[in-house]
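Spelled out from the first residue to the last, the chains are:
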Amino acid sequence: MRIILLGPPGSGKGTQAQLMVQRYGIVQLSTGEMLRAAVAAGTPVGLKAKEIMASGGLVPDDVVVGIISDRIDQPDARNGFILDGFPRTVPQAEALDDLLKQKHLKLDAVIELRVNESALLSRVETRVAQMRERGEEVRLDDTPEVLTKRLASYRSQTEPLIHYYSERRKLSTIDGMMAIDEVTGAIHRQLVALGATEPKVRAKSAARATPAKKGTTQSAAKAKTARKAAKTAKKPAKSAKKAVKGTKKAAKKTVKKVAKKAGKKAPKKSFKKGAKKAAKKVTKKRAKR
């Protein structure tokens, strides 16, 4: 997956990017970090950027795009990447589109974390007040005044990207004011709908990371064996019970049949005997006469 995260300062882009890196096995590409890495590595593009930064100038878009180009060619970016902080303007977005087209790659999604600016300012004011109460040092760039300027800059420069990517049907908007885990869940559902999958390696490594103890494994194996033996022992007992029941039923049936036959034969025999005796008596009387 190749993803761009959009959102104003304080919207939680950095937090969500890290969670996505862990979940999908892709890399987070931050322009600031890439610039520093390119300068440290002494690449041609890095040396060019170093000269510009040394003179106090802003690194032009073509140099930044060149650094991104080198970075996404590295092996760890093959599975995909998250661009956080780039593009910031429509010309940068167009330059990125051209770069991906040259490399026969496509941008899968642009996720916008939409937030309430007044709520963000309120959060920062509360945090700064709490830090001062504890006697902690407040960063210069973490004040309501600086945030107000950064939000104004985002609206003028970066917000046009929302329309740009919306026209290209790449934009997905998520409520960034939800709890962190809810935002993560919403992003995951959106990416799954686009075909994102979690690497199988993660599941295997998670299973390996928590191996069962020897004693636990052995006792589990013994318990399994005992359960199997109990099941095996129950089977003959059940069959024996069935056999006994069958024998009892058969015996009852036999008794009933015999009783019926005896009942039927008994009257017939007594009738025959009575008839014979009566016949004999008649014969004797006639003989006397």
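Source: prediction; values computed, not measured.

J.: I would appreciate a short explanation of the overall build of the protein in the present structure.
T.: Counting secondary structure elements, the protein contains eleven helices and five strands. Counting only residues that meet the buried cut, the protein has 30% of its 289 residues in that class. For the protein, the share of sequence-separated contacts (at least 6 apart) that also reach a separation of at least 24 residues comes to 74%.

J.: Hey, could you run me through the nonpolar core in this one?
T.: Grouped burial of nonpolar side chains is what soluble globular proteins tend to show. In this structure, I4, L6, I67, I68, L83, L96 and Y165 are the most contacted members of the largest nonpolar core, which totals 32 residues. Secondary structure elements with two or more residues in this core: β1 (2-6), β2 (27-30), α2 (31-41), α3 (44-54), α4 (61-72), β3 (81-84), α5 (90-102) and α8 (160-167). If one sorts the elements of this core by residue count, α4 sits on top with six residues. One finds Y24, I82, A109 and V183 within the second-largest nonpolar core, a separate group that totals 16 residues.

J.: Help me understand the pattern of salt bridges, please; the structure alone is not making it clear to me.
T.: Any two side chains of opposite charge can pair if their charged atoms end up close together. With the rule as written, the count across this model stands at seven salt bridges. Across the salt bridge formed by D73 and K103, the nearest N and O atoms sit 2.9 Å from each other. With D73 in the loop between α4 and β3 and K103 in the loop between α5 and β4 (109-114), this pair connects stretches of sequence that are 30 residues apart. A salt bridge links E136 to R134; the shortest N-O distance between them is 2.8 Å. For E136, a relative accessible area of 37% puts it in the partly exposed group. Classification of R134 by relative accessible area gives exposed; the value is 53%.

J.: Sorry, what's going on with the sheet that holds β2 here?
T.: Sheet strands pair by backbone hydrogen bonding; their relative direction is either parallel or antiparallel. Strand order across the open sheet formed by five strands is β2-β3-β1-β4-β5, with parallel pairing between neighbours. In the strand order of this sheet, the two ends are held by β2 and β5 (171-175), each with one partner. Neighbouring strand axes in the sheet, compared pairwise and without regard to direction, differ in orientation by 25° on average. As paired strands, β2 and β3 are joined by four bridges and run parallel to one another. Across the sheet, residue S30 finds its bridge partner in β3, namely D84. Each of β1, β2, β3 and β4 is contacted by helix α1 (residues 13-24), which is oriented at about 170° to β3, the strand it contacts most.

Quick notes on the rules
- The numbering scheme is per chain: residues are counted from 1 as the chain's sequence reads.
- It should be noted that, the model being predicted, local features are given only for residues of pLDDT at least 70 and side-chain atom pairs only at 80 or more, the latter also being counted only at that level, while totals for whole chains, interfaces and linings use all residues.
- To get the side-chain values, take all heavy atoms of the structure and skip hydrogens and water.
- Secondary structure is summarised from DSSP: a helix means a run of H or I of at least four residues, a strand means a run of E of at least two, and numbering begins at the N terminus for each.
- Three labels apply to residues, based on accessible area from a 1.4 Å probe with only protein chains included: buried if under 20% of the type maximum, exposed if over 50%, partly exposed otherwise in between.
- Every residue pair with non-hydrogen atoms within 4.5 Å of one another is taken to be in contact.
- Buried residues of nine kinds, namely Ala, Val, Leu, Ile, Met, Phe, Trp, Tyr and Cys, make up a nonpolar core once their side-chain atoms join them within 4.5 Å.
- By definition, a salt bridge exists where a carboxyl oxygen of Asp or Glu is found within 4 Å of a side-chain nitrogen of Lys or Arg.
- The rule for pairing is simple: two strands pair if DSSP sees at least two bridges between them.
- Simply put, an axis is a line fit to the C-alpha atoms, just over the touching stretch for a helix, and the angle between two N-to-C directions goes from 0 to 180 degrees.

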